[in-house]
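Breakdown of the fold
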Amino acid sequence: MTEADLSALYRRYIACLNDRDWQSLGTFVHEEIQHNGREFGLSGYREMLEADVRAIPDLKFNIDLLVSQAPHVASRLLFDCTPKGLLFDIPVNGRRVRFSENVFYRFRDGRIDSVWSVIDKAAIASQL
């Protein structure tokens, strides 16, 4: 898979998340996916994303930076949202916050099999 193909595939994955198209998640995510070193499996990963959307109904993944070097993708995602209650153990309680996530993905057989994510929690805390 070329870097351009990988970037296009990643953009379709982000569209899947933003569309809440959970039925199609397996098109992009491997059955044996890991997140920050924890084995989630596809069903656990989906449950994590669904819980994120319940906690943040207006959650939208916005790509700010995207770099592909097969089999990896690196992305800086931007968020501008209003979480209902706690967000990463920070009491946001419906206030609007903006923050970023730096995330690295590894693809295997055309699907994401590993995700390493670092969220800028200090940015959230500084806004409250």
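Sequence positions are assigned chain by chain, starting from 1 and proceeding in written order. Reporting in this predicted model follows two pLDDT cut-offs: at least 70 for local features of residues, and 80 or more for side-chain atom pairs to be given and counted; totals over whole chains, interfaces and linings ignore these cut-offs and use all residues. In computing side-chain values, all of the structure's heavy atoms are included and hydrogens and water are not.

This part covers the pattern of salt bridges. Basic side-chain nitrogens of Lys or Arg form a salt bridge, by our definition, when they fall within 4 Å of a carboxyl oxygen of Asp or Glu. Considering all chains together, one arrives at seven salt bridges under this definition. Among the ionic pairs, Glu-32 bridges to Arg-108, the shortest N-O distance being 3.3 Å. Of this pair, Glu-32 sits in strand β1 (residues 29–35) while Arg-108 sits in strand β7 (residues 97–108), placing them 76 residues apart in sequence. Between buried and exposed lies partly exposed: a residue is buried under 20% and exposed over 50% of the maximum accessible area for its type, with that area taken using a 1.4 Å probe on protein chains only. Its relative accessible area of 52% is what places Glu-32 among the exposed residues. Between Arg-98 and Asp-80 there is a salt bridge, with the nearest N and O atoms lying 3.2 Å from each other. Placement of Arg-98 in strand β7 and of Asp-80 in strand β4 (residues 72–81) is noted, with a sequence separation of 18 residues between them. Helix and strand labels come from DSSP, where a helix needs a run of H or I of at least four residues and a strand needs a run of E of at least two; each type is numbered from the N terminus.

Turning our eyes to something else, we now look at the side chain of Ser-68. Mapped onto the elements of the fold, Ser-68 is located in strand β3 (residues 62–69). Ignoring any residue separated from it by four or fewer positions in sequence, one finds Ser-68 in contact with Glu-3, Leu-6, Ser-7 and Val-73. Contact criterion: two residues are considered in contact whenever any of their non-hydrogen atoms come within 4.5 Å of each other.

Let us now look at the packing of aromatic side chains. Aromatic pairing here means that ring centres of Phe, Tyr or Trp (its six-membered ring) are within 6.5 Å. Orientation follows from the plane angle: under 30 degrees is stacked, over 60 is edge-to-face, and everything else is tilted. A complete count under the given rule lists seven aromatic pairs for this structure. An angle of 85 degrees between the planes, with centres 6.2 Å apart, marks the rings of Phe-88 and Phe-99 as edge-to-face. Residue Phe-88 is located in the loop between β5 (86–87) and β6 (90–91), and its partner Phe-99 is located in strand β7; the two are separated by 11 residues in the primary sequence. Among the aromatic side chains, those forming a connected cluster through ring pairs are Tyr-10, Tyr-13, Phe-28 and Tyr-105.

A few words on the nonpolar core. As used here, the term nonpolar core means buried Ala, Val, Leu, Ile, Met, Phe, Trp, Tyr and Cys residues forming a set that is joined through side-chain atoms within 4.5 Å. The biggest cluster of nonpolar side chains holds 37 residues, and the ones touching the most others in it are Tyr-10, Tyr-13, Leu-25, Tyr-45 and Tyr-105. Taken together, the elements giving at least two residues each to this core come down to α1 (3–18), α2 (25–28), β1, α3 (41–55), β4, β7, β8 (111–119) and α4 (121–126). Looking at which element gives the most residues to this core, the answer is α1, with seven residues. Setting aside chain neighbours within four positions, we find Tyr-13 in contact with Leu-25, Phe-28, Val-29, Tyr-45, Tyr-105 and Ile-112.

To continue, consider α1. Its 16 residues give α1 an end-to-end C-alpha distance of 23 Å, which sits within 8% of 22 Å, the value for a rise of 1.5 Å per residue. Those residues of α1 that fall on the buried side of the exposure criterion are Leu-6, Ser-7, Leu-9, Tyr-10, Tyr-13, Ile-14, Cys-16 and Leu-17. Arg-20, located one to two residues past α1, shows a positive phi value of around 60 degrees. In this analysis, the expected span of each helix is defined as 1.5 Å times one less than the number of residues it contains.

Turning our attention to the environment of Pro-71. Take Pro-71: it is sitting in the loop between β3 and β4. Along the primary structure Pro-71 and Tyr-13 are separated by 58 residues, whereas in three dimensions their C-alpha atoms are 15 Å apart. Sequence-distant contacts of Pro-71, defined by excluding residues within four places in its chain, comprise Leu-6, Tyr-105, Arg-106 and Phe-107.

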